[in-house]
Amino acid sequence: MVKRKISWKLKFAIVLIIATILIYTGNFYIFHDSEEIFSYVMMHLGFIPIDILIVALVIDDILARKEREVILEKLDMLLSVFFSEIGDNLLSNFTKINQDKNIIYKYLKDIENWEDSDFESAMDAIKSKGVKFTPEISVKDQGVFLNEIQTLLVDKRNFIVNLLENPNLMEKDNFSELLLATLHLDEELKHRNDLNDLTTTDFNHLIGDMNRIYTNLMYEYVYYMLYLKHNYPYMISIALRTNPFDMDADIHVKE
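Residues numbered from 1 in each chain as written. Predicted model: local features only at pLDDT ≥ 70, side-chain atom pairs only at ≥ 80, totals over all residues. Heavy atoms only, no water.

### A word on the overall build of the chain
Move 1: Secondary structure assignment for the chain yields 9 helices and 0 strands.
Move 2: Its helices and strands taken in sequence order, the chain reads α-α-α-α-α-α-α-α-α from the N to the C terminus.
Move 3: Across the chain, every contact between residues at least 6 apart in sequence was considered, and the portion connecting residues at least 24 apart equals 76%.
Move 4: Carbon and sulfur atoms make up 59% of the accessible area of the chain, which totals about 16,900 Å². (Helix = DSSP H or I, 4+ residues; strand = E, 2+ residues; numbered from the N terminus. Contact = heavy atoms within 4.5 Å. Areas by Shrake-Rupley, 256 points an atom, 1.4 Å probe, with all protein chains shown as cover.)

### Focus: helix 3 (residues 101-109)
Move 1: For helix 3, every residue scored as buried is listed here: Ile104, Tyr105 and Leu108. Angularly, the buried residues of helix 3 cover 100 degrees about the axis, an arc narrow enough to put them on a single face. Exposed residues lying more than 90 degrees from the buried face of helix 3 are Asn102, Ile103 and Lys106. (Buried < 20%, exposed > 50% of the residue type's maximum accessible area, 1.4 Å probe, protein only. Arc of directions from axis to C-beta.)

### Here's the deal with the pattern of salt bridges
Move 1: Considering all chains together, one arrives at 10 salt bridges under this definition.
Move 2: One salt bridge in this structure joins Lys156 and Glu85, with 2.7 Å as the shortest N-O distance. A residue pair is termed long-range when its members are at least 10 positions apart, and Lys156 in the loop between helix 5 (139-155) and helix 6 (157-164) and Glu85 in helix 2 (residues 34-95) qualify at 71 residues.
Move 3: Looking at Lys156, the relative accessible area reads 16%, which means it is buried.
Move 4: Since its relative accessible area comes to 30%, Glu85 is described here as partly exposed. (Salt bridge = Lys/Arg side-chain N within 4 Å of Asp/Glu carboxyl O.)

### A closer look at helix 7 (residues 173-190)
Move 1: With 18 residues, helix 7 should cover 26 Å at 1.5 Å per step; its first-to-last C-alpha distance of 26 Å lies within 8% of that length.
Move 2: Of the residues making up helix 7, those classed as buried are Asn174, Phe175, Ser176, Leu178, Leu179, Ala181, Thr182, Leu185, Asp186, Glu188 and Leu189. (Expected span 1.5 Å × (residues − 1).)

### Observations regarding the nonpolar core
What tends to happen in soluble globular proteins is that the nonpolar side chains get buried as a cluster.
Move 1: Ranked by size, the top nonpolar core spans 53 residues in total, and within it Phe82, Phe94, Leu185 and Met210 carry the most contacts.
Move 2: In terms of residue count, helix 8 (residues 200-231) provides more of this core than any other element does, 16 residues in total.
Move 3: Apart from the residues lying within four places of it in its own chain, the contact partners of Met210 are Phe94, Phe133, Phe145, Leu146 and Leu185. (Core = buried A, V, L, I, M, F, W, Y, C linked by side-chain atoms within 4.5 Å.)

### A few points about the environment of Met225
Move 1: If you trace the backbone, Met225 turns up in helix 8.
Move 2: Sequence separation between Met225 and Ile111 is 114 residues; the distance between their C-alpha atoms is 8.2 Å.

Pasting the structure below:
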């Protein structure tokens, strides 16, 4: 017959109960005032529902918020890895053929000088209006562009899949949508035998998939730069020196 081990919590509860009984018993033998002891016990029993309310609602809510903050912090760290691995390259490849690239370059080149309100305004605008991806590219260069994107996605496929397996992603909808959209584009490109010979309709379909990525990618990039500004000032230096929207960006530190 298997013996069941008593958990430490049950042992601890038994010890406390015994200690309470001993204290009140000692109190009775010393002061011989059972009415006062009984009154004292009943008074404290009356506070038990309030104690439970405080623990169950207030403290539990504080712990839940703290736990969510930890989860979001870890996801923000994953976002940093994402841009290092693939995000910056995707932004660079998409933006360089975008019809509005000059406007975007001018707008985001000076992101290092932004105030918090500038970041918030940019994220609100991207969220509400999106960022249009309208490529300016010749027909003969379309295949080269698509093959570059496919090579990048194939190389980082396992990385994206591993990120999607993170159970905490539901806490960041936009990031999870970005990863799903990126994986979808990878699937679209993978199932086409020849990316150099696509119809205009088929190419436009792929551009629609890229547009979905581009909007989410731009939002996360602005959020990511704000996150670095507040939490990791030493990391924002390299992010600015590799700014995909600054054609003059140089990784080397200058005076």
